[in-house]
Amino acid sequence: MTNYLVVTAMGADRPGLVSRLARLASDCDCDIVDSRMALFGNEFTLIMMISGSWSAITKIETLLPSLSVELELMTVMKRTSKHVPKNFVSRIEVIFTGEDQRGTMKSITQFLADRSLDLAAVRSHAEDNEGLQTQSIFLAINIPEKVDLAKLESTIYQLAEDMNLECSIKLMQGTTSPQ
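The structure contained in this document is the topic of the report that follows. All values reported here derive from a predicted model rather than from experimental measurement.

### Overview of the nonpolar core
Generally speaking, nonpolar side chains in soluble globular proteins are found buried as a group. In this structure, Ile 92, Val 94, Phe 96, Ile 108, Ile 141, Leu 152 and Ile 156 are the most contacted members of the largest nonpolar core, which totals 21 residues. In terms of residues, this core owes the most to one element, helix 4 (residues 149-162), which gives five residues. The next biggest cluster of nonpolar side chains, apart from the first, holds 20 residues, and it includes Ala 9, Leu 21, Phe 44 and Leu 46.

### Some words on the sheet that holds strand 6 (residues 118-129)
Sheet architecture is open: four strands sit in the order 6-7-5-8, paired in antiparallel fashion. Of all the strands in the sheet, just strand 6 and strand 8 (166-172) have a single pairing partner and so form its edges. Neighbouring strand axes in the sheet, compared pairwise and without regard to direction, differ in orientation by 10° on average. As paired strands, strand 5 (residues 90-99) and strand 8 are joined by seven bridges and run antiparallel to one another. Residue pairing across strands places Ile 95 opposite Ser 168, the latter belonging to strand 8. Against the sheet, helix 4 touches strand 5, strand 7 (132-143) and strand 8, its axis set at about 160° to strand 8.

### Describing the pattern of salt bridges
Tallied over the entire structure, the rule returns three salt bridges. Linking Arg 20 and Glu 70 is a salt bridge whose minimum nitrogen-to-oxygen distance equals 2.7 Å. With Arg 20 in helix 1 (residues 17-27) and Glu 70 in helix 2 (residues 54-71), this pair connects stretches of sequence that are 50 residues apart. Look at Arg 20 and you get partly exposed, because its relative accessible area is 25%. One salt bridge in this structure joins Arg 36 and Asp 34, with 2.4 Å as the shortest N-O distance. According to the relative accessible area criterion, Arg 36 is exposed, its value standing at 51%.

### As for helix 2
Across its 18 residues, helix 2 extends 25 Å between first and last C-alpha, which sits within 8% of the 26 Å expected from 1.5 Å per residue. Inspection of helix 2 places Ala 56, Ile 57, Ile 60, Leu 64, Leu 67, Ser 68 and Leu 71 among the buried residues, and these make up the whole buried set. Each element contacted by the buried residues of helix 2 is listed here: strand 1 (3-12), helix 1, strand 3 (43-52) and strand 4 (74-80). Of the residues flanking the end of helix 2, it is Glu 72, one or two places downstream, whose phi is positive at about 55°.

### Examining the side chain of Asn 3
Looking at where Asn 3 falls in the secondary structure, it is placed in strand 1. For Asn 3, a relative accessible area of 15% translates into the label buried. One polar contact links the side chain of Asn 3 to the main-chain carbonyl oxygen of Met 1, over a distance of 3.3 Å. Aside from chain neighbours lying at most four places away, what touches Asn 3 is Ile 50, Ser 51, Gly 52, Ser 53, Trp 54, Ile 57 and Arg 79.

What counts as what
Residues numbered from 1 in each chain as written. Predicted model: local features only at pLDDT ≥ 70, side-chain atom pairs only at ≥ 80, totals over all residues. Heavy atoms only, no water. Core = buried A, V, L, I, M, F, W, Y, C linked by side-chain atoms within 4.5 Å. Buried < 20%, exposed > 50% of the residue type's maximum accessible area, 1.4 Å probe, protein only. Helix = DSSP H or I, 4+ residues; strand = E, 2+ residues; numbered from the N terminus. Pairing = 2+ DSSP bridges. Axes fitted to C-alpha atoms, helices over the stretch in contact; angles between N-to-C directions. Contact = heavy atoms within 4.5 Å. Salt bridge = Lys/Arg side-chain N within 4 Å of Asp/Glu carboxyl O. Expected span 1.5 Å × (residues − 1). Polar contact = N/O pair within 3.5 Å; in protein donor to acceptor, adjacent residues only side chain to side chain.

So, in structure tokens, the structure goes:
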């Protein structure tokens, strides 16, 4: 039986961190099923899902804390199970851009939560463009069958307009735009 472990790591960015963590997984006879790495300021962040036998997962759980100390990383581990995707009829990708405003992410995510929509991915970025603080927010949203896609698109565009943001919506997974 395959077992799964989610590992998160964070610390000062420097070369070789991903390599050392990948080596540990390999040395413990584990496979990296999925991973994401990002830099936030000068901080390295990594999240990965590892699979292996019960003894392999136990071994990495035992060895990771000492490697974390050596690499000066803060780590968290949690056992999990294989992801079973829900049955969604489609996915849309939405990009909001415009002047950076406090509360934008709160408003957008509350809008989605109020409609019980499933977020598959979120990325946001703010930067200074010649004295103007701008933001870009990318969302991948899974759409269940019961949702009227045309109405949802319309309400997303209205939300963007209300927040004084530009918005683009791209239909994914073989869907076609409703007429």
